[in-house]
Each structure stands twice: as structure tokens, then as C-alpha cells.
Amino acid sequence: MKKILTFSFLLVFSAGLNAQTTKEKNLNEQAHQLVSQMTLEEKASLCSGRDPWSTKPIERLGIPWIWMSDGPHGLRRAPSTDKWGYGDQLPATCFPTASALAATWDTDLIHEVGQALGKEAQAQNINILLGPGANIKRSVLGGRNFEYFSEDPILSGEMAAAYIDGVQSQGVGTCLKHYVANNVETNRMYVNSDVDRRTLHEIYLHSFEIPIKKSRPWSVMACYNRVQGEYGTQNHHLLDEVLNNQWNYEGLVISDWEAVVDRIEALKAGMHLQMPGHQGRYNDSLIVAAVQNGQLEEATLDHIVEDLLKTILKAKSLEKDAEMPADENHQFARKAASQGITLLKNNDKVLPIKEEKYTKVAIIGEFAENPRFQGNGSSEVKPTRVDNALEIIREEYGDNFKVSYAQGYKLSDDNDLSMVAEAQEAAAEADIALVFAGLPSHYESEGIDRKHIHMPQAHEKLISSVGEVQENTVVVLTNGSAVAMPWIDQVKGVVESWLVGQAGAGGVADVLFGRVNPSGKLSETFPMHLEDTPAYLNFPGEQGEVLYGERLFVGYRYYDARNIEPLFPFGYGLSYTDFQYSNLQVSDPTITDQDQPTVKVDITNTGDVKGREVVQLYVSDQKSRLQRPEKELKEFAKVALQPGETKTVSFILDSRDFSFFDPKREMWIAQSGKFDIQVGSSSRDIHQSRTIQLNSTQQVPLAFDEYTFFIDYWENDQTREYIKELMPNWLEANTPEGKSLDEATIDAFISHQPIIKFPYFTGGEITRQQVKELVKKCRGLTYQP
């Protein structure tokens, strides 16, 4: 019976897939036909928006328009497409921001969040949701960090992929943003991200590559900033070479709002749609003129327009009637928030709050009554409702505890300490004090970066003062990114709640009182001091330039390389139970780059309550030709376990998990050598490790040029023969009597010189022209790394 059901399912799935493919093929053919019927002016007009949120219709040909809306953690749907929707947007569910969602490390949950967002988008007639954001958290000071997932490209990329799959499963497109290296808000309209090619590929592009290849977002948003000197909206390397050619992307590229600098160059580079619409009419005329004067080939414009039509027609074909599931999504938002809440400190098991331990609970801090649940800027959602922790605790947990409240500080005044004494009194009279503190809304926002990582003086003073009078003090943090904790030794517990969305207060309460066992893990490193951070000397940049001087060593990679102890490491998070790792196995101790080894490890819940553990797999290259981080995250999985239960977690690795990007050869290389497979509960807590041998079968170009050292030519069996032919007399003069030229003894100072200098060293025996011919002769040669 099981086989019959499986076969039936495959038939239905196959039929559905074939129907979908046929539908898309028909839409693509329709798009192609429409292009052939359009005038030049109509083609140009489609390349810019009608207004802030929609594309232009062409009524003569029956071409419809589609509606876009800001995201990513909820819809900011304007009342009409010609209005901006700041303050007058339609109500929608405000889910936890990306920083909170990433802390779940749960791709299944993120997929569900995406589905919920897609359903709301259908209910509000939105065709494309502008999200998710996959930029890397390069610095803790980044003002928009709350809107991004992680400092690590694997975690960020997988979270983004799950989000995209979820939204697009509902017939709504996504717009993956902000492509790429958009890691600073200061001067973002002009700033140049001066990032080397290797770092760009291994860190910043990789965070986009994963969701683009895995989930195929309908659109990608080109960034405001310049990258390697060229604006993101007209960057041929990023848009044409990488996105289209290397990654085979077939969707749209949409400008960030007001990001276009040169419309014609942007079209040539592969940017389809300029947004918003008010500048488009002028630029449309530039497009027409560029085609007419030969500056732009009409075939290039036709390709751009056909891509636009494919997406527009697809979006309209997937529209459906839907109701706004406000109540259902509010409850789900509470669940999502609870899964990302991260327990950072729990001395003496001060949490969870249970009747047998506590009778009187003091709630302290205005955030408990007036929560900050999202960030500032274009992502602001008008929530369908907002819960607050004080009310939730009193209503749902108050029957079992005597709950008191003290405001503690004023969100309107960072330095007002007048309420601290009252808070101390409330704390002293209770059995446990919960201090809700963090970053007010003006600390983190799109358009600005933070200047430091401290919370307001009033918050920090409140925490230390309460800690003085109440030994059972727990701090509940509200913030979108890492903060300093100078008071950490004065409290027993710290709960990182992030920006948890409109229902997050319930999720926080559920964790505090033990209804939910915390399972969040940090998706970014929390530093002891700002001076410890990787980009400290190069953020936010100066005179329009940001030097990515830390290169590959972003986040935990830097702390590992410098042997700096962070406040809390990447991947860290406590639970109300304990987990044991055992029996790590790798399917084969010796592999090639063509193999896909399986890694298995057993995880056991050794505690008394059910819990969920995030299993993290890191790969460490013992010796590499190029500098590499000490270890890098490659896989992760979240597993649920009952008390005493053991589960085996499996991962499958491939060659990219062992590779580095070689910028000289413009390719990923899996170099032969020994690699450590490490499994742990954080980047600093590795429980099991196994070493394997990788034997590469890759054929890698030598990439020798006139500046390659003589020693490299000499030590390669193929190029040594060329050298012997070109400078036999000079070699003979450096060869011991009776020995062959292969045994020539070249002084190290000379051998480590570029080959272009050897016309001088050999007295002209090899000429500069012969050096150029040698380089050309070597171009087809390869080696196994």
C-alpha cells in the first residue's frame, strides 16, 4: 500500500509539475509575441515604474501592471500605488525581524513565515514582496542589521532561500536585496565598497548565490552603493558576469528606490526595472534616444522587456482571492518569536520562573509596557495588533504569581535616572526581577549607523542598580544587533529577545515561564568591546570609501584568527535542558572533490525536559595555499528531542564545502589536503571532530604571467623545460660541474624574482618578447591542486 501511495503521489506531482512547466512556457511565448508588437517607446516605458509601487500597463496590448510592497518581515502596503505608505499603510502582521528569525536556525520555520507573508500579500493584492535581505552583518554598528540574517554567508543564504520558497509557494514573488556588499548606511547613496575579489565571492556574494541557485527569486534588488568602484545598478561584473552568466539567473533585476545613476549603462549591465516611477519618464526618453543613435542595441532592450513581461504575466496568472488571516498569523508570529529567543546566561538556573521557586515577580522597564518590536525605515509595518509583556504575563501567568511593575526609565530620555530608585524598591520586594532594556528606536534605523554598542545610560544604570538589590535579576534585551553588557556579572540571567514582532511579547513570556524551552542561537558574534570587532578601523569609511580590510575574516572568523574571546560566540545559545554529542562518523576517510561524503552524529537530550538543539558543522583546512579562516560553518540542522531521546543527524558535503575562491584564476578550488570535520553547539564549543583526506581531481590553470616568480616556473615539470630552452647558458653557469641543468643551483634572492626581470639577470639571453611568448605558451597548462 505504501508503494502504491508513493507512486500515486509521484504521478500527481509529476502532472502538476508538467502543467506548471506548460503554463510558464505559454506565458513565455506570450511575452515574446508581445515584444514583437511593441513600439520602441512602449518598450522603453516598461523599463521604469508608473509610481512608487507599480509597473506601467500598456492598455493597447492588454499588458497589465503589478504591485510591489516593502517587506521583509511584514507588508508595508500603501493605500494605493501612487502613495508612499508611510503611516497610512494597510495593517499587516509584523513578524520578527530577520535578526530574530535567523536566531531560530530553523529553515522549516522560516519557510512557514514566508508562506504566511505570501498569503497576506495575496489578500492585499501584492505581486512582489521586497525581501528578504541577505546582506552580511559586517559590523555590529550597521544601522540596518535588524533587517539582515547573519555574519555568515551559509546561515544567511539558507535563511533567505527558505523565506523565498515560502513566499513564492503562494504565487507571490520576492525581491532578494540589496545586491551586493551593501553593509553600511552612512553615505550609502555613494559609498564604494572596496572589497577584494576573493572576499566578495566567499562572503558577500555567497550569501546571495545560495538563495538564487536554490530558490530562484523572481527578482533581485540592485544596491545603492558602488562595489569595486561601480554602482550596483550598472555593475557589469556583478549583474551580467556573475548573476546572469555564472549563476544562470533568469529573473528580474530591480533598482533600489532612486538608486539608478546611468539608465543606459544599467540596461546594458542587465538591470530591468527602475523604481520608483517619477524619474522614469525622463529616463524612458533617454532609452529611446540611445536606441535611435546606436548607443544601445534594440535587441538588448528587447531581452530586458521580454524578461519583464514574463514576470508580469506570471504574477497576474497566479493572483487569487484570499482573506487576511490576521488572528491566525498573530498566533503564529508568537510561535516564531519564541523559537528565536536566545538564552545567553542562566546562572543557578534562575530561569524558568516556576511556582516552586518564586512567588513575587517584578517587571521593570518601559519596554515591558511599550515594546519596540521592529526597526525603523522602509520595513516599518503597521501591525494588526501589538502585545506587551507586562499584560501577557499578568493575564496568562498572573494567577500563580504576584506581579509588580516599575517603569525604570523613559524611552523619551536616554539619560533620565529619576526612576531607578523606584525600580530598586520593586526589585528588592520581589523574588525575581525581570529588567526589560535595550536599544530605543532611534539607535537602529535604515539610513544611519550606530556610533557605539552601548545601550542608553538609563538602561545600563537601571540594570546594575537592580542587580545590587536583587540577586535573581534577569535582563530581557530588545535590540536588532549586538550590544555591550558591562553589567553582565551583576545579573544571573540574560535573555536576548531581538526585535520580536507584534506578538513577540507572548513568545518572551513563554520562554521566561518555561512554556517554551529556548532554542535560539546567535547568528552573529557579540563582542566584549567595539574595539574587538573585525571592521573597527574601517567602518563606516571616509570620503566615500569603505575598505574591507578584514577581508574574509568577518565575524567569528576574525575572533578565531586573532584568538579574541567574545562576550558570546557565534552559534551560542543555552537551553533548559542539556545535550550530548557522540559517535561522529564520516562515510569515507579519503575523498575526492567529486565525492559527496556523509557526516553523521548522534545527539542525545540528557536533561529532564524536551528541547531543540542546533547542530553546527564546521570545516577546517589544515594547510592551504591561500590564507583561510580557522574554520567555517558549512551545514546546520535543528533537531527536537524528548528527555533521554537520541537522534542521528546527517549532513552531505560537496566540493564547495572544501573550496576557496582563487581570484587570480576566477574559480573555486578544492585543494588536496587534510580537513577537519567539526561538529558543535557554537563556533567556540566543538564537541566532536574527524579528519579526512581530500585528493583533488581538478585541473586548475597555472595562470602564470610575466610577474610569476622564476621559482614557480622552475619547480613545475612542464614549464621547466621551456626555461631550459630559453636560457641554457645562464642555467649552465649556475649548475655544479658534472650535473644536469635540472640540478642548477639558483640563489633564493634571484629565484624569487618575477620572470620579467630575467632579461637583465641573464644578460639578454632571454628577451622581453620571449618572456611574453613564454607566458602565452603557458596559458593552456593546468595542474592538480
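For the structure itself, look to the data block above.
Residues numbered from 1 in each chain as written. Predicted model: local features only at pLDDT ≥ 70, side-chain atom pairs only at ≥ 80, totals over all residues. Heavy atoms only, no water.

> How should the overall build of the protein chain be read in this particular structure?
From N to C terminus, the protein chain includes 22 helices and 27 strands. Compactness check: the protein chain gives a C-alpha radius of gyration of 29 Å against a globular reference of 28 Å for 785 residues, within 12% of the reference. Once the C-alpha set of the protein chain is aligned to its principal axes, its extents read approximately 95 × 75 × 70 Å. Taking all 785 residues of the protein chain together, 61% fall into the buried category. Taking as baseline every contact in the protein chain between residues at least 6 positions apart, the subset at least 24 positions apart corresponds to 76%. Accessible surface computed for the protein chain: about 30,800 Å², of which carbon and sulfur atoms make up 47%. A gap of 2 Å separates the mean positions of the 77 positive and 109 negative side-chain charges of the protein chain. (Helix = DSSP H or I, 4+ residues; strand = E, 2+ residues; numbered from the N terminus. Rg over C-alpha atoms; globule rule 2.2 N^0.38 Å. Buried < 20%, exposed > 50% of the residue type's maximum accessible area, 1.4 Å probe, protein only. Contact = heavy atoms within 4.5 Å. Areas by Shrake-Rupley, 256 points an atom, 1.4 Å probe, with all protein chains shown as cover. Lys, Arg positive; Asp, Glu negative; His and termini not counted. Charge placed at Lys NZ, Arg CZ, Asp CG, Glu CD.)

> Just checking my understanding: could you explain the packing of helix H11 (residues 326–340) against helix H15 (residues 504–512) for this structure?
A packed helix pair is summarised by two numbers, namely the angle formed by the two axes and the spacing between the axes. H15 packs onto H11 with a crossing angle of 50 degrees between their chain directions and a minimal axis gap of 7 Å. Between H11 and H15, the angle falls in the class oblique. Note on packing geometry: the crossing formed by H11 with H15 is right-handed. Contact residues: H11 offers Arg334, Ala337 and Ser338, while H15 offers Gly504, Gly506, Gly507, Asp510 and Val511. Broken down by class, the residue content of the contact of H11 with H15 amounts to two nonpolar, four polar and two charged. (Axes fitted to C-alpha atoms, helices over the stretch in contact; angles between N-to-C directions. Parallel < 35°, antiparallel > 145°, perpendicular 65-115°, else oblique. Left-handed = near helix turned anticlockwise from the far one by under 90°. Nonpolar A, V, L, I, M, F, W, Y, C, P; charged D, E, K, R; others polar.)

> Honestly, the pairing of strand E8 (residues 252–255) in this entry has me stumped. Any pointers?
Successive side chains on a regular strand alternate, one facing one side of the sheet and the next facing the other. Here E8 shows two buried faces, one formed by Leu252 and Ile254 and the other by Val253 and Ser255. Summarising the sheet, strand E5 (residues 219–222) and E8 pair through four bridges and their orientation is parallel. Following the sheet pairing, Val220 is matched in E8 by Val253. (Pairing = 2+ DSSP bridges.)

> I would appreciate a short explanation of the nonpolar core in the present structure.
If you look at soluble globular proteins, the nonpolar side chains tend to sit buried side by side. Membership of the largest hydrophobic core comes to 195 residues, with the highest contact counts inside it found for Tyr179 and Met485. Leave out the neighbours within four places in its chain, and Tyr179 touches Leu205, Phe208, Val220, Met221, Ala222, Cys223, Leu238, Leu239, Val242, Leu243 and Trp247. (Core = buried A, V, L, I, M, F, W, Y, C linked by side-chain atoms within 4.5 Å.)

> Help me understand the environment of Val260 in this model?
One can find Val260 in the loop between E8 and helix H8 (263–269). Judged by relative accessible area, Val260 falls into the buried class, the value being 14%. Taking C-alpha positions, Val260 is 47 Å from Glu391, a pair spaced 131 residues apart along the chain. Excluding residues that lie within four positions of it along the chain, Val260 makes contacts with Thr233, Ser255, Met271, Gln274 and Asn283.

> What's the story with the side chain of Gln753 in this structure? I'm lost.
With respect to the helices and strands, the residue Gln753 is situated in the loop between helix H20 (748–751) and helix H21 (758–761). Polar side-chain contacts of Gln753 include one of 2.9 Å to the side chain of Lys757. Not counting residues up to four positions away in its chain, the partners in contact with Gln753 are Thr708, Phe709, Phe710, Phe758 and Phe761. (Polar contact = N/O pair within 3.5 Å; in protein donor to acceptor, adjacent residues only side chain to side chain.)

> I'm lost on helix H14 (residues 457–469) in this one. Help?
Count 3.6 residues to each turn of an α-helix, and residues three or four apart come out pointing the same way. Between its first and last C-alpha atoms H14 spans 19 Å; for 13 residues at 1.5 Å apiece the expected length is 18 Å, and the two agree. For H14, every residue scored as buried is listed here: Ala458, His459, Glu460, Leu462, Ile463, Ser464, Ser465, Val466 and Gly467. Of the surrounding elements, those touching the buried residues of H14 are strand E10 (360–364), helix H13 (420–428), strand E12 (432–438) and strand E13 (473–478). (Expected span 1.5 Å × (residues − 1).)

> It is not clear to me how the pattern of salt bridges should be interpreted in this structure. Could you clarify?
Opposite charge on two side chains lets them pair, provided their charged atoms get close. Tallied over the full model, the rule gives 46 salt bridges. In this structure, Asp510 engages Arg515 in a salt bridge whose closest nitrogen and oxygen atoms are separated by 3.3 Å. Put simply, Asp742 and Lys724 hold a salt bridge, and the shortest N to O gap is 3.0 Å. Of this pair, Asp742 sits in the loop between helix H19 (728–733) and H20 while Lys724 sits in helix H18 (residues 717–726), placing them 18 residues apart in sequence. For Asp742, a relative accessible area of 37% puts it in the partly exposed group. Lys724 gets classed as buried once you look at its relative accessible area, which sits at 17%. The structure contains a network of salt bridges with shared partners spanning Arg144, Glu147, Lys177, Glu185, Arg188 and Glu446. (Salt bridge = Lys/Arg side-chain N within 4 Å of Asp/Glu carboxyl O.)

> Would you mind going over the sheet that holds strand E16 (residues 579–586) with me for this structure?
Backbone-to-backbone hydrogen bonds join strands into a sheet, with any given pair of strands oriented parallel or antiparallel. The strand order across the open sheet formed by three strands is E16-E18-E21, and the pairing between neighbours is antiparallel. The open sheet terminates on both sides in strands that have one partner only, identified here as E16 and strand E21 (646–652). Going from strand to strand, the sheet's axes swing by 20 degrees on average, the running direction of each strand aside. Summarising the sheet, E16 and strand E18 (residues 598–605) pair through six bridges and their orientation is antiparallel. Along E18, the bridge assignment pairs Gln580 with Thr604.

> In this structure, what is going on with the sheet that holds E12? I would like to understand it.
The strand order across the open sheet built from six strands is E9-E14-E13-E12-E10-E11, with neighbouring strands paired in mixed fashion. A single partner strand is all that each edge strand has here, and the edge strands are strand E9 (342–346) and strand E11 (402–406). In this sheet, adjacent strand axes meet at a mean angle of 20 degrees when their direction is disregarded. As judged from the four bridges shared by E9 and strand E14 (residues 493–496), these two strands associate in the antiparallel manner. Within E14, the position partnered with Leu343 by the bridge is Val495. In the packing of helix H12 (residues 389–397) onto the sheet, the strands contacted are E10, E11 and E12, and the crossing angle to E11 comes to about 165 degrees.

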